[in-house]
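Here are the chains, one letter per residue:
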Amino acid sequence: MKEILLERALKALENAYAPYSKFQVAAALECADGSIFTGVNIENASFGATLCAERSAFAAALSEGKRQFVRLLIIGGSAGHISAYCPPCGICRQFMSEFCAPDFEIVLCNGEQFETHTLKELLPKGFSL
Ligand code: THU
């Protein structure tokens, strides 16, 4: 499954909109029913309005009514060149904690190897109401 997610993310990476940082990111989200949604980073001239690839993938899935998620694969690199792991930012970790269980898997790929973490590992004390 990781390979399939990687394939989908690599394809989506072409659609990253990153004219300012040139750092392209893509994410592929696997839902509990087996469906996969992708997302890319979408930058904005007002930098703070930029949307990360992870939240973009979740927005696509949530908008189609998906609510159960298994894992998310993330790739990213300057000018789309994948040579290092691209872990999710703090906002994306908190965003994921709204919809995902602590054992939700976050799979990183550096182009050669995979590294898998649980959401609980990456966000040990997330905020909740
Ligand atoms: N970015 C993501 O898409 N996901 C992250 O978790 C971290 C950063 C994007 C935002 C911006 O377009 C670029 O990477 C450089 O920060």
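Up top is the structure.
Here's a quick rundown of the structure.

Cut-offs and rules
Residues numbered from 1 in each chain as written. Predicted model: local features only at pLDDT ≥ 70, side-chain atom pairs only at ≥ 80, totals over all residues. Heavy atoms only, no water. Helix = DSSP H or I, 4+ residues; strand = E, 2+ residues; numbered from the N terminus. Rg over C-alpha atoms; globule rule 2.2 N^0.38 Å. Buried < 20%, exposed > 50% of the residue type's maximum accessible area, 1.4 Å probe, protein only. Contact = heavy atoms within 4.5 Å. Areas by Shrake-Rupley, 256 points an atom, 1.4 Å probe, with all protein chains shown as cover. Lys, Arg positive; Asp, Glu negative; His and termini not counted. Charge placed at Lys NZ, Arg CZ, Asp CG, Glu CD. Near = heavy atom within 4 Å. Polar contact = N/O pair within 3.5 Å; in protein donor to acceptor, adjacent residues only side chain to side chain. Nonpolar A, V, L, I, M, F, W, Y, C, P; charged D, E, K, R; others polar. Core = buried A, V, L, I, M, F, W, Y, C linked by side-chain atoms within 4.5 Å. Patch = residues over 30% accessible without salt bridge, like charges linked within 9 Å, V, L, I, M, F, W, Y side chains within 5 Å. Salt bridge = Lys/Arg side-chain N within 4 Å of Asp/Glu carboxyl O. Disulfide = S-S within 2.5 Å.

### Notes on the overall build of the protein
And then number 1: A count of helices and strands for the protein gives four helices and five strands.
And then number 2: In the protein, the order of α-helices and β-strands from amino to carboxyl end is α-β-β-α-β-α-β-β-α.
And then number 3: In terms of overall dimensions, the protein is globule-like: its C-alpha atoms have a radius of gyration of 14 Å, near the 14 Å expected for 129 residues.
And then number 4: Summarising its shape, the C-alpha atoms of the protein cover approximately 35 × 35 × 30 Å along the three principal directions.
And then number 5: Counting across all 129 residues of the protein, residues that qualify as buried make up 41%.
And then number 6: In the protein, the proportion of contacts linking residues at least 24 apart, taken out of those at least 6 apart, comes to 60%.
And then number 7: Counting only carbon and sulfur atoms, one obtains 54% of the accessible surface of the protein, whose full area is about 7000 Å².
And then number 8: Computed over 11 positive and 14 negative side-chain charges, the inter-centroid distance for the protein is 5 Å.

### Here's the deal with the site of the ligand
And then number 1: By nearness alone, every residue bordering the ligand is listed as Ser21, Phe23, Val25, Asn41, Glu43, Thr50, Cys52, Ala53, Glu54, Pro87, Pro88 and Cys89.
And then number 2: Between the ligand and Glu43 there is a distance of 2.5 Å, counted from an oxygen atom to a side-chain nitrogen or oxygen.
And then number 3: Glu54 places a polar side-chain atom, nitrogen or oxygen, 2.8 Å from an oxygen atom of the ligand.
And then number 4: When the free accessible area of the ligand is taken as 370 Å², the share hidden by the protein chains comes to 77%.
And then number 5: Secondary structure elements with two or more residues in the shell around the ligand: strand E1 (23-31) and helix H2 (53-63).
And then number 6: Split by residue class, the shell around the ligand holds seven nonpolar, three polar and two charged.

### What to know about the nonpolar core
And then number 1: The biggest cluster of nonpolar side chains holds 23 residues, and the ones touching the most others in it are Leu29, Phe58, Phe69, Leu72, Met96, Phe104 and Ile106.
And then number 2: Where this core is concerned, the elements lending two or more residues are E1, H2, strand E3 (69-78), helix H3 (90-99), strand E4 (105-109) and helix H4 (119-122).
And then number 3: Per-element accounting of this core gives the leading share, five residues, to H2.
And then number 4: Aside from chain neighbours lying at most four places away, what touches Leu72 is Ala27, Ala28, Leu29, Glu54, Ala57, Phe58, Met96, Phe104, Glu105, Ile106 and Val107.

### Comments concerning H2
And then number 1: Judged by how many residues are buried, H2 sits mostly within the fold: eight of eleven residues are covered.
And then number 2: All of the buried residues along H2 are Ala53, Glu54, Arg55, Ser56, Ala57, Phe58, Ala61 and Leu62.
And then number 3: Those residues of H2 that are buried lie in contact with E1, strand E2 (36-40), E3 and H3.
And then number 4: Phi turns positive one or two residues past the end of H2, at Gly65, with a value near 90 degrees.

### Examining a nonpolar patch on the surface
And then number 1: Side chains of Tyr17, Tyr20, Ile42 and Phe47 sit close together on the surface and give an oily, nonpolar patch of about 440 Å² of accessible area.
And then number 2: The class for Ile42 is partly exposed, based on a relative accessible area of 38%.

### Looking at the state of the cysteines
And then number 1: Taken as a whole, this structure holds zero disulfides when the rule is applied.
And then number 2: In this structure Cys89 is a free cysteine whose sulfur lies 3.7 Å from that of Cys92, the closest cysteine sulfur available.
And then number 3: The thiol of Cys100 is not disulfide-bonded; the next cysteine sulfur, from Cys31, is found 9.6 Å away.
And then number 4: Of the residues examined, Cys100 reaches a relative accessible area of 9% and is grouped as buried.

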